[in-house]
Protein chains: 2
Amino acid sequence: MKLAILFGGASYEHEISIVSAITVKGKLESTFDLSFIFCDQDHSFYLIEPSKMKAITFSRNEHKKMTQLFITNGGFEQRGLFGSKKHDIAILNLIHGGDGEDGTIASMLDFFHIPFIGPRKEASLLSFDKHYTKWFAQSVGVKMLPYEILHKNDPRTINTAYPFIIKPARLGSSIGVSIVREASELDYALDVAFEFDSVVLIEPFIAGVKEYNLAGFGARGEITYSIVEEPQKAEFLDFEKKYLDFSRSGSVEHAAVSDALVTQLRESFAKIYFPLFEGALIRCDFFEIEGEVYLNEINPIPGSMANYLFDNFSGGIQKLLGALPDKKSIRVKYDYIHSISQAKGK
Amino acid sequence: MKLAILFGGASYEHEISIVSAITVKGKLESTFDLSFIFCDQDHSFYLIEPSKMKAITFSRNEHKKMTQLFITNGGFEQRGLFGSKKHDIAILNLIHGGDGEDGTIASMLDFFHIPFIGPRKEASLLSFDKHYTKWFAQSVGVKMLPYEILHKNDPRTINTAYPFIIKPARLGSSIGVSIVREASELDYALDVAFEFDSVVLIEPFIAGVKEYNLAGFGARGEITYSIVEEPQKAEFLDFEKKYLDFSRSGSVEHAAVSDALVTQLRESFAKIYFPLFEGALIRCDFFEIEGEVYLNEINPIPGSMANYLFDNFSGGIQKLLGALPDKKSIRVKYDYIHSISQAKGK
């Protein structure tokens, strides 16, 4: 089965996308006929030789010597002196952060009729912006923590009690995130967050809260769930720690949780997943507070595709690939133009 | 000043986009050096000769004989036996409905670093889906009518009192919209709406409600407002009526409204516009109910760009074009990859 892994992108998560792609290569290369498409920071695409799928290829700009590809109707095209050759195979979107998770790549792949694994544009936008995720979760009946929003030029008055957590609205991987314990720490934390985004979210910080991660994907109306993981954590994951996290490939212990909690987590996951996230393998990160499940965030393209949470990761990707959602196609009929032309006698 | 009008698209509003483009051509051709890029229903692009900008060119498929263009980094490219030629000029996005207003075209133009007039991807998504518009309006403190949501497979129980209006969540131009006065009309109206979308909105229908349209655009932090129009209407605009509406080019009477109402309308417009809609000329359609302004809908690419509402339409487009928002560019540094490679001694 053929599959092309698309990675890179002009994003703060460019590097971890490379790490993710190398990890997923290791997990899928024995079952898939894989190819690798790198999107550089200038939005040029390159076909990467499998043997060159190493981090230093990109940090040394060696990809620029490889075959350039162009996205076009039906696939990625390789142009040469004697015509062009099209790679019309399905894509696994592994671009984390901007471009990949903000709906840009999804829009382009859909527009060009290229089948792909990954969140569609609406799913991307609603999970990429943490503010929109709050709206969405509420509309499907999934609890989240209370929050407030601050814009860059707003007065810095916060109503949430200390300690609280400040997050740029549109970044993943803990970039720009701070815990603020007292007023003296506020300005610096806001300055850091506003470096990355003009909108930030403020949420109560609950020390020692239980966290559970659950991944899954839907195929033909049914969800295949991963095991439930209780992530190892420092107070929260900083970028360097999380970065190494994207290279995870070993398998993970099922968290010691009650069946009732697993059911609650899966029910919340399902409310989020269908129908918005069809076509994607996502990881939802939850809190448990006084026996209730709260959504923390949706990762629509989780680090290394959360491979380590699945017993049969490559089988799962095959199943998902075989059940990608169709984009409704619209045929134009020109009825109005015909009727107007006739009325005018033309 | 050079500008390319992009129109067509795979959308239920394909035909009205053609009509819009022809109308805008008439309004701008004396001040701009215009070109015309048609996106057909299969998502191929064509450079249309100005003299062929007539509806029948497209209904007769004559565009297929013209120069094909390909979207690529920096612009639309024309390929020939002796190399390629790039049209690296700014775009006016005039694709109504799907593709144009749902964030797809915005994503692609942004990705390929092509400057354009039109809503950016987030603005598109929040205005294209009427359900998301409700969330957004509430977050910026603009009133809208109460509503409920029905999905295709939900039980058909409606809590809104008769009469109410049923709208597909993601279509413009009144397509699939019905007024339902009594229970016997409900099933047919829902069947019609669900033909076009799997999600519908239900809102109270207020006979004889006052409607006011206001268009505008921002440039360097300031909004240029159009006049306020009280649209002529049948009970509501059906598609054929609205279709003809897209060819409007004559100017319109300023509605006989109080200064206080104009101020209210402008204040609501401004709350919606900044910063989400920067780069776009939009038209907001409002209701006035008991002296209060309610947003009905946001048209992020209004029919014929609402040219008929502006005293100096071509001057406005020039002003907007000179103040398009920059997309924040992210430079990748490979610090983490370098530090990891060093730690590994590679």
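J.: Talk me through the relation of the copies chain B and chain A; I want residue IDs and the actual numbers.
T.: When chain B is fitted to chain A, the best match, at an RMSD of 0.0 Å, comes from turning it 180 degrees and sliding it 0.0 Å along the axis. Such a combination of turn and shift is consistent with a two-fold rotation axis. Mapped onto chain A, 97% of the interface residues of chain B again fall at the interface, so both copies present the same surface.

J.: Let's hear about the domain arrangement of chain A: which residues, and what values?
T.: Residue and element names in this part refer to chain A. The domain architecture assigned to chain A consists of domain 1 (2–117), domain 2 (125–142 + 208–321) and domain 3 (148–204). When each unit is reduced to the centre of its C-alpha atoms, the spacing between domain 1 and domain 2 is 24 Å. Residue-level contacts link 19 residues of domain 1 with 21 residues of domain 2. For the side of domain 1 that touches domain 2, a count of residues per class yields 8 nonpolar, 8 polar and 3 charged.

J.: Tell me what's going on with the sheet that holds strand E9 (residues 148–151) of chain A, and back it up with residues and numbers.
T.: Residues and elements named next belong to chain A. If you walk across this open sheet you meet the 4 strands as E9-E12-E10-E11, and the pairing is antiparallel. Looking along the sheet, the strands with just one partner apiece sit at the ends: E9 and strand E11 (178–180). Averaged over all pairs of adjacent strands, the angle between their axes in this sheet comes to 30 degrees, without regard to strand direction. Sheet analysis places E9 next to strand E12 (residues 199–204), joined by 4 bridges and oriented antiparallel. Within the sheet, the bridge partner assigned to leucine 150 lies in E12 and is valine 200. Strands in contact with helix H6 (residues 186–196) are strand E10 (164–168), E11 and E12; relative to E10, the strand with the most contacts, it is inclined by about 25 degrees.

J.: Would you mind going over helix H4 (residues 121–128) of chain A in detail, with residue names and values included?
T.: Judged by how many residues are buried, H4(A) sits mostly within the fold: 8 of 8 residues are covered. Along H4(A), the residues that are buried comprise Lys121(A), Glu122(A), Ala123(A), Ser124(A), Leu125(A), Leu126(A), Ser127(A) and Phe128(A). On the buried face of H4(A), the contacting elements are helix H3 (104–111), helix H5 (130–139) and strand E16 (292–299) of chain A together with helix H3 (104–111) and helix H4 (121–128) of chain B.

J.: Report on the confidence of the model for chain A, specifying residues and quantitative values.
T.: Predicted confidence across chain A gives a mean pLDDT of 91, with 94% of residues reaching 70 or more. Note on the complex model: pTM 0.93, ipTM 0.92.

Analysis parameters
Residues numbered from 1 in each chain as written. Chains lettered and ligands numbered in written order. Predicted model: local features only at pLDDT ≥ 70, side-chain atom pairs only at ≥ 80, totals over all residues. Least-squares fit on C-alpha atoms with pLDDT ≥ 70 in both. Contact = placed C-beta atoms within 7 Å. Domains from an automatic or database assignment. Nonpolar A, V, L, I, M, F, W, Y, C, P; charged D, E, K, R; others polar. Pairing = 2+ DSSP bridges. Helix = DSSP H or I, 4+ residues; strand = E, 2+ residues; numbered from the N terminus. Axes fitted to C-alpha atoms, helices over the stretch in contact; angles between N-to-C directions. Buried ≥ 20, exposed ≤ 12 C-beta atoms within 10 Å, placed from the backbone. pLDDT = per-residue confidence, 0-100.

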